[in-house]
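Each chain is listed here by its residues.
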Amino acid sequence: MSSVNDIESASPVIKGVPMSSEQIHAATGTVNLISDEKDVVLVPAPSSDPRDPLNLSTPRKWAIAVILSLYYVEAGKSYNDIVHLITIPTLSMGLGNLLFVPMALAVGRRPIYLFSCALLFIACIIAGQNTNYEYHLAIRIVIGFAAGQSEALVPLMLKESFFLHERANILSFQSSFQAIIGCALSICSSNIAASYNVYAGISGAIFVASVLLVPETKFDRPLEAYNGLTATTPGAAGVNLSKESVQRWEHPTGQVTEATRPPLDHSLGKAWSLKTMLNPMPSVTVNWAESWALVKHMLTMIMFPNLFLVIITNAWFLGVNVAQGTTYGTVLTGPGYHWADKWTGVAQAGKSSQATSSGASLK
């Protein structure tokens, strides 16, 4: 396979048009994470707008990562503790993703995420007061709709807040964190009604922390930015940017590294403040065309045999996970083991070490 240097030295021509090395990267999707000056290339290229999530401070980014990971844990745990109430809420998680993820592309990630946090908080409070099976099942279906965003929207928001060279660390942290804390909650949970009240308190705290610290991560960028380049002609690469957006990219063209990162231009807007954080949709232009485009692409891609196989494989693994969750308690409390019901959660302890080793291997 040819290296990037080989491609560059060949002085390639696409349809008779000579291309520079930077254009080659943009055309092929090949991205060098180390520049010729041995500096880290920032992908996506950050703008000079203080509201760009990539311009947040490192402590703020890690605070966001912890909050989103806690939401992932809370959402994931809330549908996995009663044996006969797992399968339908798991289905509602998938349906919730089909509904809310396209909406997040149109109206922004933050309003959908905050709505899901609030819905999870209210549903946990109500679930703690349940009086019969049908009532409980209905509430858990609602919890499933709220929890679905933890599987798709949370990783998307994390990837939009970190550069490409940082994502392996942050996603492995998120995966290990949610598994370890989730296992700890499983071990400590004995009384179902009381556990719902605990989850309601945790989800309420997550909602408040999210309102104050988690900004909108959707941000308009020209396609060149995703190749580590600034836009020579903003908007010319297939992204229609507003006049304000164009101003964010008015700095020297070329690869953006730590050394050449553009300074913040506060004339483009104020950085995230308490006043703007209290507004769930402070800076997003609603674009429903993005939602319809996503739905169209999903329906198109599912027709590809290789992707259909991946979907079926993923569904199979999820089914195995659900089957394990619905049977291990019965096995441990039955003949041969005779565990007390309150101790069956200890069986999840092994997942903690597994999550730690898996997270380390993903880095």
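Up top is the structure.
To keep things clear, this report deals only with the structure shown in the data block. From a predicted model like this one, the values you see are computed outputs, not experimental measurements.

**A word on the nonpolar core**
Here's step 1: Core analysis: the biggest nonpolar cluster contains 37 residues, and Leu68, Tyr71, Tyr113, Ile143 and Leu158 have the highest contact counts within it.
Here's step 2: Counting residues per element, the ones that place at least two in this core are helix 3 (58-77), helix 4 (87-107), helix 5 (109-127), helix 6 (133-147), helix 7 (149-161), helix 8 (164-188) and helix 9 (192-213).
Here's step 3: Broken down by element, this core gets its largest block of residues, 8 residues, from helix 5.
Here's step 4: In this structure, Leu42, Leu54, Phe163 and Val256 belong to the second largest nonpolar core, which totals 6 residues.

**Re the environment of alanine 259**
Here's step 1: Mapped onto the elements, alanine 259 comes out in the loop between helix 10 (243-248) and helix 11 (274-277).
Here's step 2: What makes alanine 259 exposed here is its relative accessible area of 65%.

**Concerning the packing of helix 6 against helix 7**
Here's step 1: Where helix 6 contacts helix 7, the axes come no closer than 7 Å and their chain directions differ by 20°. Taken together, the axis directions place helix 6 and helix 7 in an arrangement best described as roughly parallel. Across from Phe145, Ala146 and Ala147 in helix 6, the residues of helix 7 making contact are Gln149, Ser150 and Glu151.
Here's step 2: For the contact of helix 6 with helix 7, a count of residues per class yields 3 nonpolar, 2 polar and 1 charged.

**Structural notes on the pattern of salt bridges**
It is possible for side chains of opposite charge to pair when their charged atoms get near one another.
Here's step 1: A complete count under the given rule lists 4 salt bridges for this structure.
Here's step 2: Of the charged contacts, one joins aspartate 49 and arginine 51 as a salt bridge, the two residues approaching to 3.2 Å between their closest N and O atoms.
Here's step 3: Overall, the relative accessible area of 18% leaves arginine 51 in the buried class.
Here's step 4: Between arginine 109 and glutamate 160 there is a salt bridge, with the nearest N and O atoms lying 2.5 Å from each other. Here the residue arginine 109 occupies a position in helix 5, and glutamate 160 occupies one in helix 7, the gap between them amounting to 51 residues. Take arginine 109 and glutamate 160: they sit in the same class, and that class is buried.

Rules used in this analysis
- Each residue is numbered by its place in its chain's sequence as written, counting from 1.
- Note on the predicted model: pLDDT of at least 70 is required for a residue's local features to be given, and 80 or more for side-chain atom pairs to be given and counted; whole-chain, interface and lining totals, by contrast, use all residues.
- Where side-chain values are given, they derive from all heavy atoms of the structure, hydrogens and water being excluded.
- Nonpolar cores were defined as sets of buried Ala, Val, Leu, Ile, Met, Phe, Trp, Tyr and Cys residues, with membership established by side-chain atoms within 4.5 Å.
- For each residue, the accessible area found with a 1.4 Å probe, counting protein chains only, is set against the maximum for its type, and the residue is called buried under 20%, exposed over 50%, and partly exposed in between.
- Only DSSP runs of H or I reaching four residues or more are called helices, and only runs of E reaching two or more are called strands; each is numbered from the N terminus.
- All axes here are fitted lines through C-alpha atoms, helices being fitted over the stretch that makes contact, and every angle between N-to-C directions spans 0 to 180 degrees.
- Working definition: roughly parallel below 35 degrees, roughly antiparallel above 145 degrees, roughly perpendicular at 65 to 115 degrees, and oblique for all remaining angles.
- Here, residues are in contact when the closest pair of their heavy atoms is within 4.5 Å.
- Three classes are used, and their members are as follows: Ala, Val, Leu, Ile, Met, Phe, Trp, Tyr, Cys and Pro are nonpolar, Asp, Glu, Lys and Arg are charged, and the others, Gly among them, are polar.
- When a carboxyl oxygen of Asp or Glu is within 4 Å of a side-chain nitrogen of Lys or Arg, the pair counts as a salt bridge.

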